[in-house]
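Fold and contact review
As a plain string of letters, each chain reads:
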Number of protein chains: 2
Amino acid sequence: MGVPRPLFEELETPALVIDLGIMERNLQRMAALARQAGVGLRPHAKTHKSPWIAHQQLRAGAIGITVAKLGEAEVMVEAGITDILLAYPIVGEQKLRRLERLLDDADVILSVDSAEAAEAMAQAVRRSGRRRARVFIDVDTGLRRMGLAPGMPTVELAERIARVPGLEVVGLMSHAGHVSAARTPEELAETARRAAQALVETAEILRRRGVRIEHVSPGSTPAARFEAQVPGVTEIRPGTYVFNDRNTVDRWACTEDDCALTVLATVVSRPAPDRAIIDAGSKVFSSDPSVRGDGTFGLVLDRPGVRLQRLSEEHGILVLDPAEAGADLQVGERLHIVPNHVCPAVNLSDVLYGYRDGRVVREIPVVARGKYK
Amino acid sequence: MGVPRPLFEELETPALVIDLGIMERNLQRMAALARQAGVGLRPHAKTHKSPWIAHQQLRAGAIGITVAKLGEAEVMVEAGITDILLAYPIVGEQKLRRLERLLDDADVILSVDSAEAAEAMAQAVRRSGRRRARVFIDVDTGLRRMGLAPGMPTVELAERIARVPGLEVVGLMSHAGHVSAARTPEELAETARRAAQALVETAEILRRRGVRIEHVSPGSTPAARFEAQVPGVTEIRPGTYVFNDRNTVDRWACTEDDCALTVLATVVSRPAPDRAIIDAGSKVFSSDPSVRGDGTFGLVLDRPGVRLQRLSEEHGILVLDPAEAGADLQVGERLHIVPNHVCPAVNLSDVLYGYRDGRVVREIPVVARGKYK
């Protein structure tokens, strides 16, 4: 454990605070990891939803960014970022018109996992000033979410989409979210390598059959250091690494001292000797579970006897172990808590407070908050 | 099941849509329930976070509203609503200054469960133009969140707070959220009645000892109809009833046809015969679990063979039962889904779309969204 974090009496709680020094170290480390492996880094901006932080990532060596939804892409293009992977199929007439306008402004790389969506997207592409767009095919390397299986199902889909006028199939992408189910670091590493390998092999089949796959792009923070080492991978797309969170710690990808974002909360009630209530609940942390499976909602820093056991919308219910030092919390006391999953926590806030040397030096607006369309 | 809900091709998805007819019926029914029981109705505005809907509730017969945080109270006062219970202790210097200004504008009823918080709040009250404020004591009738136990622990706290200059203890409040753990309707009814009874008995002890408790206020949608019938209860504070949700249906408090709010979502991928992906994930629904304990995230209307089995931030993963009619979803198809818990879903959106007779007639801004301070 590092030094206790500052309590910022000048800030109202709950507040999401960012240790900018830790954040910058996280950006540098992932950039170095990618550079040393000879792959590109295209961070997923969904973790921070902030153009200012996206620009920091690019300055630290990222080749571009990833976003999930059109609304996020629009925010980032507006902020002058143009090398963007839009990692989501665009479905529906209103969205296709927005895609058309987006392509007028930036040569966004698209992503798709079905011929139906690809054909509709191609019409928007051809109507745009650009008339063509690069496309990644989304592949299911084990998460069982989007994408067809690696190998022939994906090969046949990619070949079919490559024939659609306006779409240029240039890459394969995947998200190895399923590595989080691993019970040991070895199992996680092996699962991550196998998933990336399946993507590389599918790209090789496609190249042999004449589809020019230039980009092989797996993406996941806990899997990143393993994916980057798989020969044939050309870029990685971690998101969470910018802040890290408790689930990242528990997936052996960082330590508690690498968690840049914490929720600063205040004790508002001490109704029982073994219970304290803080002013941050699921409206601050989200209800996302811990990968530990212990039902808790965050890592309370500097207080080993304190567990964030339950959340309601505006209340965090702390269970105190009186045998541990520091468990005797007072009303008004402040705590730093690392959320289980930082991305949805950021999405619940309008602003993040960046600090350096114990002082808040920057308010970072979460410009792409709530852009789920 | 009622008639299929309209698909609103003019709306982009995901969208939170409100059947205004169902909402108005919900408001009328709860107002009638309170009126017939001879109790006041003070709905919790956290469910809708919208001044327009709060005004509808008042027009339908509510005596005032409840809010959780100062920021919500500020929004409602700004919208001309003045009879407000602020059901949360105010802790911290910045918040106490905001409380002082709020009291200048409205005779807000405060709530507290500790002498420490009460004494700090009293200072802000005495600094305000009003110089005194009414206070409800928050009592733990079984939820094990805020509040001391009913009976002597609460009595002694209330007497102590009643002696603090500036604070006038006028009521007892509780939230019977623990009734949701009931496994049968009978168990729920019995738990709700017992909790309200404990509040009433504590009020009687306090009155005998000279503390003028005018208000006895339990609050919870599934418990409301039982609480209202307990002699001595003077008001009820349900929140969810305005829209209802899947957990309310599963707690026997309404039917599927009483769910006014649904998430309108579009199928964006059909990667496997038993799987479809929609464009709404935890950034739309929240990750709040089902009280069924089956791990699903919402009730898909009009599609018996379709379950919302998993969520990631931007994806809802539907599991399809091919034996059921209507499970063969197409990319581009739209679905209505009732969220498990409607309150956090509303908090993730900037606007709700109200419809009537199949047409969207009103955009309802979620003005108090994200007001967790």
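Residues numbered from 1 in each chain as written. Chains lettered and ligands numbered in written order. Predicted model: local features only at pLDDT ≥ 70, side-chain atom pairs only at ≥ 80, totals over all residues. Heavy atoms only, no water.

Turning to the pairing of strand E16 (residues 351–356) of chain A, a few remarks are in order. Residue and element names in this part refer to chain A. Within E16, five of the six residues are buried, which leaves it mostly tucked inside the rest of the structure. Where strand E1 (residues 15–19) and E16 come together, three bridges link them in parallel fashion. Note that in E16 the partner of Asp19 across the bridge is Tyr355. Pairing analysis gives six bridges linking E16 to strand E17 (residues 359–365), with the strands arranged antiparallel. Along E17, the bridge assignment pairs Leu352 with Ile364. (Buried < 20%, exposed > 50% of the residue type's maximum accessible area, 1.4 Å probe, protein only. Helix = DSSP H or I, 4+ residues; strand = E, 2+ residues; numbered from the N terminus. Pairing = 2+ DSSP bridges.)

This part covers the relation of the copies chain B and chain A. Superposition of chain B onto chain A requires a rotation of 180° combined with a translation of 0.0 Å along the rotation axis, giving an RMSD of 0.0 Å. What the rotation and shift describe, once combined, is the action of a two-fold rotation axis. Distance from the rotation axis, computed per C-alpha, reaches its smallest value in chain B at Ser287 of chain B: 2.7 Å. Both copies contact each other with a shared surface, as 100% of the interface residues of chain B are interface residues in chain A too. (Least-squares fit on C-alpha atoms with pLDDT ≥ 70 in both. Contact = heavy atoms within 4.5 Å.)

Scanning the model with the defined rule gives three cavities of 30 Å³ or more in all. In terms of lining, the largest cavity is formed by 16 residues, of which the most central are Ser282, Ser286 and Leu348 of chain A together with Ser286 and Leu348 of chain B. Those elements giving two or more residues to the lining of the largest cavity turn out to be helix H10 (282–285) of chain A together with helix H10 (282–285) of chain B. When its residues are assigned to classes, the lining of the largest cavity shows four nonpolar, eight polar and four charged. (1 Å grid on protein atoms, 1.4 Å probe; cavity = no way out; pocket = protein on both sides within 12 Å on 5 of 7 lines; lining within 4 Å. Points joined across faces, edges and corners; volume = space filled by probe spheres on them. Nonpolar A, V, L, I, M, F, W, Y, C, P; charged D, E, K, R; others polar.)

This brings us to the packing of helix H6 (residues 152–162) of chain A against helix H7 (residues 185–208) of chain A. All names here are of chain A. H7 packs onto H6 with a crossing angle of 45° between their chain directions and a minimal axis gap of 10 Å. Classified by the angle between their axes, H6 and H7 sit oblique to one another. Between H6 and H7 the crossing geometry is right-handed. Only Thr202, Ile205 and Leu206 of H7 make contact with H6, whose side of the interface consists of Met152, Thr154, Val155, Ala158 and Glu159. (Axes fitted to C-alpha atoms, helices over the stretch in contact; angles between N-to-C directions. Parallel < 35°, antiparallel > 145°, perpendicular 65-115°, else oblique. Left-handed = near helix turned anticlockwise from the far one by under 90°.)

Its 13 residues give helix H4 (residues 93–105) of chain A an end-to-end C-alpha distance of 19 Å, which sits within 8% of 18 Å, the value for a rise of 1.5 Å per residue. Regarding H4 of chain A, the residues found buried are Gln94, Lys95, Leu96, Arg98, Leu99, Glu100, Leu102 and Leu103 of chain A. (Expected span 1.5 Å × (residues − 1).)

Take the sheet that holds strand E6 (residues 133–138) of chain B next. All names here are of chain B. Across the sheet, four strands lie side by side as E5-E6-E7-E8; this open sheet has parallel pairing. Taken across any chain shown, the strands that pair with only one partner, and hence form the sheet edges, are strand E5 (110–112) and strand E8 (215–217). In this sheet, adjacent strand axes meet at a mean angle of 35° when their direction is disregarded. Summarising the sheet, strand E7 (residues 167–173) and E8 pair through three bridges and their orientation is parallel. Looking at E8, one finds that Gly171 is bridged to His215.

All names here are of chain B. Counting across every chain of the model gives zero disulfides over all chains. Free cysteine Cys259: the closest other cysteine sulfur is in Cys254, separated by 4.6 Å. Residue classification places Cys259 among the buried residues on the basis of a relative accessible area of 0%. (Disulfide = S-S within 2.5 Å.)

So, about the environment of Ser174 of chain B. All names here are of chain B. Assignment of secondary structure puts Ser174 in the loop between E7 and helix H7 (185–208). Taking C-alpha positions, Ser174 is 9.9 Å from Pro150, a pair spaced 24 residues apart along the chain. When neighbours within four sequence positions are excluded, Ser174 is seen to be in contact with Asp138, Val139, Thr141, Leu199, Ser217, Pro218, Gly219 and Arg237.

Time to look at the sheet that holds strand E5 (residues 110–112) of chain A. Within a beta sheet, neighbouring strands are joined by backbone hydrogen bonds and run either parallel or antiparallel to one another. All names here are of chain A. Spatially, the four strands line up as an open sheet ordered E5-E6-E7-E8, and their pairing is parallel. With partners counted over all chains shown, the strands left at the sheet margins are E5 and strand E8 (215–217), one partner each. Neighbouring strand axes in the sheet, compared pairwise and without regard to direction, differ in orientation by 35° on average. Its contacts with the sheet place helix H5 (residues 115–127) against E5, strand E6 (133–138) and strand E7 (167–173), and it is angled at close to 155° to E5.

Bringing the pattern of salt bridges into the picture now. Under the criterion given, the structure shown has 54 salt bridges over all chains. Glu12 of chain A serves as the salt-bridge partner of Arg98 of chain B, at 2.6 Å between the closest nitrogen and oxygen. You can see Arg98 of chain B sitting in helix H4 (residues 93–105) and its partner Glu12 of chain A sitting in the segment before E1, one on each of two chains. With respect to burial, Arg98 of chain B and Glu12 of chain A carry one shared label: buried. One salt bridge connects Glu313 of chain B with Lys46 of chain A, and the closest N-O pair in it is separated by 2.6 Å. With Glu313 of chain B in the loop between strand E13 (306–311) and strand E14 (316–320) and Lys46 of chain A in the loop between strand E2 (40–41) and helix H2 (51–59), the pair connects residues from two separate chains. Salt bridges here are not isolated pairs; linked through shared partners, they connect Glu12 of chain A together with Glu74, Lys95 and Arg98 of chain B. (Salt bridge = Lys/Arg side-chain N within 4 Å of Asp/Glu carboxyl O.)

With that settled, the discussion passes to the pairing of E7 of chain A. All names here are of chain A. With six of seven residues buried, E7 is to be regarded as a mostly interior element. Note: E6 against E7, six bridges, orientation parallel. Of the residues in E7, the one forming a bridge with Ala133 is Leu167. Handedness of the β-α-β unit built from E6, H6 and E7 comes out right-handed. (Right-handed = clockwise from strand over helix to strand, strands pointing away.)

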